[in-house]
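One letter stands for each residue in the lines below.
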Amino acid sequence: YILTPNTRGWIVAPNYELCDKIARIIKETLILNLRMPVQSKKEISGLIYYFKLAGLNSEVWIKSSDNPDSLVGEGLDWLIIDEAAKIKKIVWEQYLRPTLSDRKGWVLFTTTPEGYNWMHDLYVRGQDSTFPDWDSWQQPSWESPYFQEDVDDLKRTLTKETFDQEYGAAFTTYAGK
């Protein structure tokens, strides 16, 4: 979607440290490896937090939810929220969701589940046929081609709740434990 002409999108993370990681990956993948032509960019400490691709006129911003006031006033075509369960519900509802209204934008939430919170509610919505524009799915870590841990060892050394949440992509609770 970054390569879709005439679009504007944000990748939002819960803190600046994760933004640094995303900025590094974007720079390595799009700009250094794929050599996408950049018309303009904004760098901080060598990491790119904004760029506009030449010829495509598509803009990408990498932002943190640490400062919600910086998340207002922009109409977006797409929004990716990384580690969404770590972002406060109010940030999604009052700051991020309105950015999608002007341009009929869409959002992708990526996250590790963290209990039965607002992200669980959105996950359930994605499973409900009365919300046809929503979709949700779970992907356990061991299904990734990059996963290299010993699953049996993890099951032996972690609590069931931790294993299920961190590796099984399951909504769990630690209440009463």
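Residues numbered from 1 in each chain as written. Predicted model: local features only at pLDDT ≥ 70, side-chain atom pairs only at ≥ 80, totals over all residues. Heavy atoms only, no water.

### Overview of the nonpolar core
Counting residues in hydrophobic clusters, the biggest one holds 19 residues, and the most contacted among them are Ile2, Ile26, Leu30, Phe51 and Ile62. With seven residues, the single largest contributor to this core is helix α1 (residues 16-33). With residues near it in sequence (within four places) discarded, Phe51 still touches Ile2, Ile26, Leu30, Val38, Ser40, Lys41, Ser58, Glu59 and Val60. Residues Ile87, Leu96, Trp118 and Met119 belong to the second largest nonpolar core, which totals 17 residues. (Core = buried A, V, L, I, M, F, W, Y, C linked by side-chain atoms within 4.5 Å. Buried < 20%, exposed > 50% of the residue type's maximum accessible area, 1.4 Å probe, protein only. Helix = DSSP H or I, 4+ residues; strand = E, 2+ residues; numbered from the N terminus. Contact = heavy atoms within 4.5 Å.)

### Quick look at unusual backbone geometry
Phi is positive for Glu83, which is not a glycine, with a value near 50°. Mapped onto the elements, Glu83 comes out in the loop between β5 (78-82) and α2 (89-96). Its identity as a non-glycine residue notwithstanding, Lys104 has a phi of 50°, on the positive side.

### A look at the pairing of strand β2 (residues 38-44)
Note: β2 against strand β3 (residues 47-53), six bridges, orientation antiparallel. By the bridge assignment for β3, Val38 is matched with Leu53. (Pairing = 2+ DSSP bridges.)

### A short note on the pattern of salt bridges
Enumeration according to the criterion identifies eight salt bridges in this entry. Taking the shortest distance from any N to any O, the salt bridge between Glu74 and Arg8 comes out at 3.2 Å. Remark: Arg8 occurs in strand β1 (residues 8-13) and Glu74 occurs in the loop between β4 (58-64) and β5; sequence separation between them is 66 residues. For Glu74, a relative accessible area of 26% corresponds to the partly exposed category. (Salt bridge = Lys/Arg side-chain N within 4 Å of Asp/Glu carboxyl O.)

### Digging into α1
End to end, α1 covers 24 Å across 18 residues, agreeing with the expected 26 Å (1.5 Å per residue, within 8%). The largest bend in α1 amounts to roughly 30° and is located at Lys27. Restricting attention to buried positions, one finds in α1 the residues Leu18, Cys19, Ile22, Ala23, Ile26, Leu30 and Ile31. In this structure, the buried side of α1 is in contact with β1, β2, β3, β4 and β5. (Expected span 1.5 Å × (residues − 1). Bend = angle between axes of the 7 residues up to and from the residue.)

### A short note on the environment of Gly168
Considering the arrangement of structural elements, one finds Gly168 in the segment after α5 (160-166). Once the C-alpha coordinates of Gly168 and Gln138 are considered, the two residues, 30 residues apart in sequence, prove to be 8.3 Å apart. Those residues within four positions of Gly168 in sequence are excluded, and the remaining contacts are Pro140, Trp142 and Phe163.

### Here's the deal with the layout of surface pockets
If a probe as big as a water molecule is rolled over the atoms, it shows which places are left empty. Of the volumes computed, that of the largest pocket is approximately 830 Å³. Forming the boundary of the largest pocket are 29 residues, of which Leu108, Phe109, Thr110, Thr111 and Trp137 lie nearest the centre. Counting residues per element, the lining of the largest pocket draws most heavily on strand β6 (residues 106-110), at five residues. Space inside the second largest pocket adds up to approximately 310 Å³. Taken together, Ile2, Ile11, Leu18, Lys21, Ile22, Ile25, Ile26, Thr29, Leu30, Ile80, Asp82 and Glu83 form the lining of the second largest pocket. (1 Å grid on protein atoms, 1.4 Å probe; cavity = no way out; pocket = protein on both sides within 12 Å on 5 of 7 lines; lining within 4 Å. Points joined across faces, edges and corners; volume = space filled by probe spheres on them.)

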